[in-house]
Amino acid sequence: MTSENHPVKCGAKNDLTDLALFGGSALFDKFLSTSNLVKPSFDVFLDYSKIFYTQGQYTNRGPLSQMLEARLAKLHDVKHCLVLSGGFWAVVLSLKCLALTGRKNVILPSYTYRKLADIVSWAGLSPVFCEVDASTLAMSAETVAPLIDDNTAAILAVHPIVNQCPVDDLETLAQSRKIPLVFDSVESTYETVNGRPIGSFGDAECFSMHASKLINGFEGGYVTTNNTELANQLYAMRAFGFVGQDEVVTFGMNAKLNEVHAAMALACLDDLDSQIVRNQERYRTYYTEFSTVPGVRLLEFDEAERCGYKCVVIELLESWPLSSEVTLKLLHAEKVIARAQYTPPLHHVSASSEVRNAEMVVTNSLAGKYLLLPSGHTVECADINQIAELLKYIASNSKGIIAEINGRSL
Ligand SMILES: *Cc1c(COP(=O)(O)O)cnc(C)c1O
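Residues numbered from 1 in each chain as written. Predicted model: local features only at pLDDT ≥ 70, side-chain atom pairs only at ≥ 80, totals over all residues. Heavy atoms only, no water.

Undergrad: Just to check I follow, could you spell out the overall build of the protein chain for this structure?
TA: When you go through the protein chain residue by residue, the secondary structure sums to 13 helices and 15 strands. By the compact-globule yardstick of 22 Å for 410 residues, the protein chain fits well, its C-alpha radius of gyration being 23 Å. In terms of overall dimensions, the protein chain has a C-alpha envelope of 75 × 55 × 40 Å along the principal axes. Counting all 410 residues of the protein chain, 56% fall into the buried class. Counted over contacts in the protein chain with a minimum sequence separation of 6, partners at least 24 positions apart contribute 72%. As displayed, the protein chain offers around 17500 Å² of accessible surface, 51% of which is attributable to carbon and sulfur atoms. The averaged location of the 46 negative side-chain charges in the protein chain is 3 Å from the averaged location of its 34 positive side-chain charges. (Helix = DSSP H or I, 4+ residues; strand = E, 2+ residues; numbered from the N terminus. Rg over C-alpha atoms; globule rule 2.2 N^0.38 Å. Buried < 20%, exposed > 50% of the residue type's maximum accessible area, 1.4 Å probe, protein only. Contact = heavy atoms within 4.5 Å. Areas by Shrake-Rupley, 256 points an atom, 1.4 Å probe, with all protein chains shown as cover. Lys, Arg positive; Asp, Glu negative; His and termini not counted. Charge placed at Lys NZ, Arg CZ, Asp CG, Glu CD.)

Undergrad: Is there a simple way to explain the sheet that holds strand 2 (residues 105–109) in this structure?
TA: Working definition: the strands of a sheet are paired by backbone hydrogen bonds and lie parallel or antiparallel to each other. An order of 1-9-8-5-4-2-3 is seen for the 7 strands of this open sheet, with the pairing classed as mixed. Single-partner strands in this sheet number two, and they are strand 1 (80–84) and strand 3 (126–130). Neighbour to neighbour, the strand axes of the sheet diverge by 25° on average, direction disregarded. Pairing geometry for strand 8 (residues 204–208) and strand 9 (residues 221–225), over 4 bridges, is antiparallel. (Pairing = 2+ DSSP bridges. Axes fitted to C-alpha atoms, helices over the stretch in contact; angles between N-to-C directions.)

Undergrad: Would you mind showing me how to read the packing of aromatic side chains here?
TA: The geometry of an aromatic ring pair is captured by the separation of the ring centres together with the interplanar angle, meaning the angle of the planes. Under the criterion given, the structure shown has 15 aromatic pairs. A ring pair is formed by tyrosine 283 and phenylalanine 301, whose centres lie 4.9 Å apart and whose planes are at 75°; its orientation type is edge-to-face. Highlighted residues: tyrosine 283 in helix 8 (residues 259–290) and phenylalanine 301 in the loop between strand 12 (296–298) and strand 13 (312–316), separated in sequence by 18 residues. Neither residue differs from the other here; tyrosine 283 and phenylalanine 301 are each classed as buried. Every member of this aromatic cluster is reached through a ring pair, and the members are Tyr283, Tyr287, Phe301 and Tyr309. (Phe/Tyr/Trp six-rings, centres within 6.5 Å; stacked < 30°, edge-to-face > 60°.)

Undergrad: When you look at the site of the ligand in this model, what are you seeing that I'm missing?
TA: Around the ligand, the neighbouring residues are Gly86, Gly87, Phe88, Tyr113, Asp184, Val186, Glu187, Ser208, His210, Lys213 and Gly220. At a separation of 2.7 Å, an oxygen atom of the ligand approaches a polar backbone atom of glycine 87. A distance of 3.5 Å is found between an oxygen atom of the ligand and a backbone nitrogen or oxygen belonging to glycine 220. Compared with its free state, where it exposes 380 Å², the ligand has 91% of that area covered by protein. Residue classes in the shell around the ligand are distributed as 3 nonpolar, 5 polar and 3 charged. (Near = heavy atom within 4 Å. Polar contact = N/O pair within 3.5 Å; in protein donor to acceptor, adjacent residues only side chain to side chain. Nonpolar A, V, L, I, M, F, W, Y, C, P; charged D, E, K, R; others polar.)

Undergrad: Just to check I follow, could you spell out the pattern of salt bridges for this structure?
TA: Going through the model one piece at a time under the given rule, you end up with 13 salt bridges. One salt bridge in this structure joins lysine 30 and aspartate 383, with 3.3 Å as the shortest N-O distance. One end of the pair, lysine 30, is in the segment before helix 1 (42–55); the other, aspartate 383, is in helix 12 (residues 381–396), with 353 residues separating them in the sequence. With a relative accessible area of 36%, lysine 30 lands in the partly exposed category. Given the relative accessible area of 9%, aspartate 383 is considered buried. (Salt bridge = Lys/Arg side-chain N within 4 Å of Asp/Glu carboxyl O.)

Undergrad: Is there a simple way to explain the pairing of strand 13 in this structure?
TA: Summarising burial for strand 13: 5 of the 5 residues are buried, a large majority. Covered by surrounding structure in strand 13 are Val312, Ile314 and Leu316 together with Val313 and Glu315, the residues of both alternating faces. Bridging between strand 13 and strand 15 (residues 370–373) involves 4 bridges; their strand directions are antiparallel. By the bridge assignment, glutamate 315 is partnered in strand 15 with tyrosine 370.

Undergrad: Honestly, the environment of glycine 86 in this entry has me stumped. Any pointers?
TA: Take glycine 86: it is sitting in the loop between strand 1 and helix 3 (87–98). Residues glycine 86 and alanine 154, spaced 68 residues apart in sequence, show a C-alpha to C-alpha distance of 21 Å. When neighbours within four sequence positions are excluded, glycine 86 is seen to be in contact with Gly220 and Gly221.

Undergrad: What's the story with helix 2 (residues 63–75) in this structure? I'm lost.
TA: Count 3.6 residues to each turn of an α-helix, and residues three or four apart come out pointing the same way. The end-to-end C-alpha separation of helix 2 is 19 Å, in line with the 18 Å expected for 13 residues at 1.5 Å each. Within helix 2 the residues assigned to the buried category are Leu64, Ser65, Leu68, Glu69, Leu72, Ala73 and Leu75. Elements that come into contact with the buried residues of helix 2 comprise helix 1, strand 1, strand 7 (196–197), strand 9, helix 7 (228–238) and helix 8. Once helix 2 ends, the next one or two residues include aspartate 77, with phi positive near 50°. (Expected span 1.5 Å × (residues − 1).)

Undergrad: Explanation requested: the sheet that holds strand 13 in the structure shown.
TA: The strand order across the open sheet formed by 4 strands is 12-13-15-14, and the pairing between neighbours is antiparallel. Looking at the sheet topology across the chains shown, the edges are occupied by strand 12 and strand 14 (339–340). Helix-sheet contacts for helix 8 involve strand 12, strand 13 and strand 15, and the interaxial angle to strand 12 is about 150°. Contacts from helix 9 (residues 324–333) reach strand 13, strand 14 and strand 15 within the one sheet, and its direction differs from that of strand 15 by about 15°.

In structure tokens:
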């Protein structure tokens, strides 16, 4: 056991003033972030790039975009995949196409990705926030059902960072109430539900290929669906609403993915299996190292399903001696750029939204409880060991730390 009398030592930290927040030098030379930033082979990226460059087709459904769409459709075991300029627009366009006419509201969780309410607004709709389940951190049929009414245009189901929301129950609910169901599946890109790949559930599923996500296309996104009519509408919508030369068939915008982004994403797909092995190794290292950090619990992936192991989330338990704000301050000073998961929740920050489930007891209770820890391409297993030692040092010296913070008015 460690105690205040026998404080744990962490690498270079022997004294409180060795903590970077109190003037010591940072534990790391480089910033460790929660962004994936996966870096596939440059040669593979160049080899793909030569294809579009030689043909002189830089965008507008070029050869690489089509190759990428076919590869992603296979990964997700789905009929159609459309690549887009970003995940944001993937969700906007899907909602725009699927929302029931004459209705305004989209049900989505408040405890989620911070830009989702904006996405709903860009689709010309209004967010209505539902609760999440406190044990899975995911929305469920039970949290959505009470909010469905005559003005519900669509349900936007978002998978949590670790594991998935209850897909079957949500599908059953949506079908029985005849409400379109769109999934934001960014956090579950590589995963399966009962062995079936994410990608063909609901009416459409949306993904991001931003550099921070599992598949890095610098920027980019895509929609998957088995609905051919929807796919055709989206093909037109992403390219100004045109079909062929100039026949306008739908309201449109420019949300096309260009070929150099497709080249990067294809290089990432070639590397995906080995990326998963590396992610899993980091996750397992966290798992082992954090079993001895007091006051925290690592969220475990359901390994009966296929997992991407991209993000690492810990819960700060009641016994963790510091607030999440102070914990993050200490970590950031050491260049460990951990982040509070989904804090603040959307119903606290969204000016335009209608908050009918005004109490939001569960969601409010989650704020600041979960931290995302550094993961992805730039994080080595040795770094994880250091992060665990740092947290142990912080836990066993918490009284001194609080006194120091109060004394310095930090
Ligand atoms: C990143 C992200 C998006 C937006 O994707 P972009 O490609 O950055 O536009 C949407 N939803 C979730 C859950 C995300 O994490």
